[in-house]
Amino acid sequence: MEAIFKFFIAAILFATFIAKGNCQCFPVNITVSQVKTGVLVQNKPEWAVTVSNPCRCVVVNLVLSCSGFRSVREISPFVLAKSGDRCLVHNGYPLGASRTFKFSYVWDHEFPFKPVSLYASCP
Ligand SMILES: *[C@@H]1O[C@H](CO)[C@@H](O)[C@H](O)[C@H]1NC(C)=O
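Parameters at a glance
- Residues numbered from 1 in each chain as written.
- Predicted model: local features only at pLDDT ≥ 70, side-chain atom pairs only at ≥ 80, totals over all residues.
- Heavy atoms only, no water.
- Helix = DSSP H or I, 4+ residues; strand = E, 2+ residues; numbered from the N terminus.
- Contact = heavy atoms within 4.5 Å.
- Pairing = 2+ DSSP bridges.
- Axes fitted to C-alpha atoms, helices over the stretch in contact; angles between N-to-C directions.

Student: Would you mind going over the environment of Ile 30 in detail, with residue names and values included?
Tutor: Topologically, Ile 30 is positioned in the loop between α1 (2–22) and β1 (31–41). For the pair Ile 30 and Asn 53, spaced 23 residues apart in sequence, the C-alpha to C-alpha distance is 5.2 Å. Leaving out residues up to four positions away in the same chain, Ile 30 has contacts with Cys 25, Val 51, Ser 52, Asn 53, Pro 54, Val 59, Leu 62, Pro 115 and Leu 118.

Student: Account for the sheet that holds strand β3 (residues 58–65), naming residues and giving values.
Tutor: Taken in spatial order, the four strands make up an open sheet running β4-β5-β3-β7, and their pairing is antiparallel. The outermost strands of the open sheet, each flanked by one partner alone, are β4 (80–83) and β7 (114–121). The average undirected angle you get between the axes of adjacent strands in this sheet is 20°. For β3 and β7, the ladder comprises six bridges, and the chain directions are antiparallel. In the strand pairing of β7, Val 60 is matched with Tyr 119.

Structure representation (C-alpha cells):
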C-alpha cells in the first residue's frame, strides 16, 4: 500500500516537472528554417525564412544572430532590424504560441540565423 502511495507521489512530481518544462521557452526552442523559393533577383536566389515558436508561450523581442547578413532586396527594419551581429524579428512584436513569422531575402547563399534571446510570457 505504502509503495503504491509513494509511486503516485513520484508520478505526480514527475508530471509537474514535465509540465513546467513545457511551459518555458528558450531561444533553443525557436526554430528557423529556410528554403530557396526558386525566384532569382539580380541573379541571386530568394530565400524564404520561417521562424517558428513551438512553445506554449508568447514570445516577444526575439533576436537572431545574423552576422554579415545582407539582402539584395531591401528588408524593412520592421520585419528584420539588423544592429551589429544581431537582428530583431518583427519589431519585437509578440509571436504567439505555435505561430510562425515569415520573411524573405535575396543573397548568393543562405545565412545561418540562430535565435539568441527572447522574452517569453508563459501561461
Ligand atoms: C524547450 O527546450 C527545453 C530545453 O531543451 C526543453 O526541455 C523544453 O521541453 C522545450 N520546450 C518546448 C515547448 O519545446
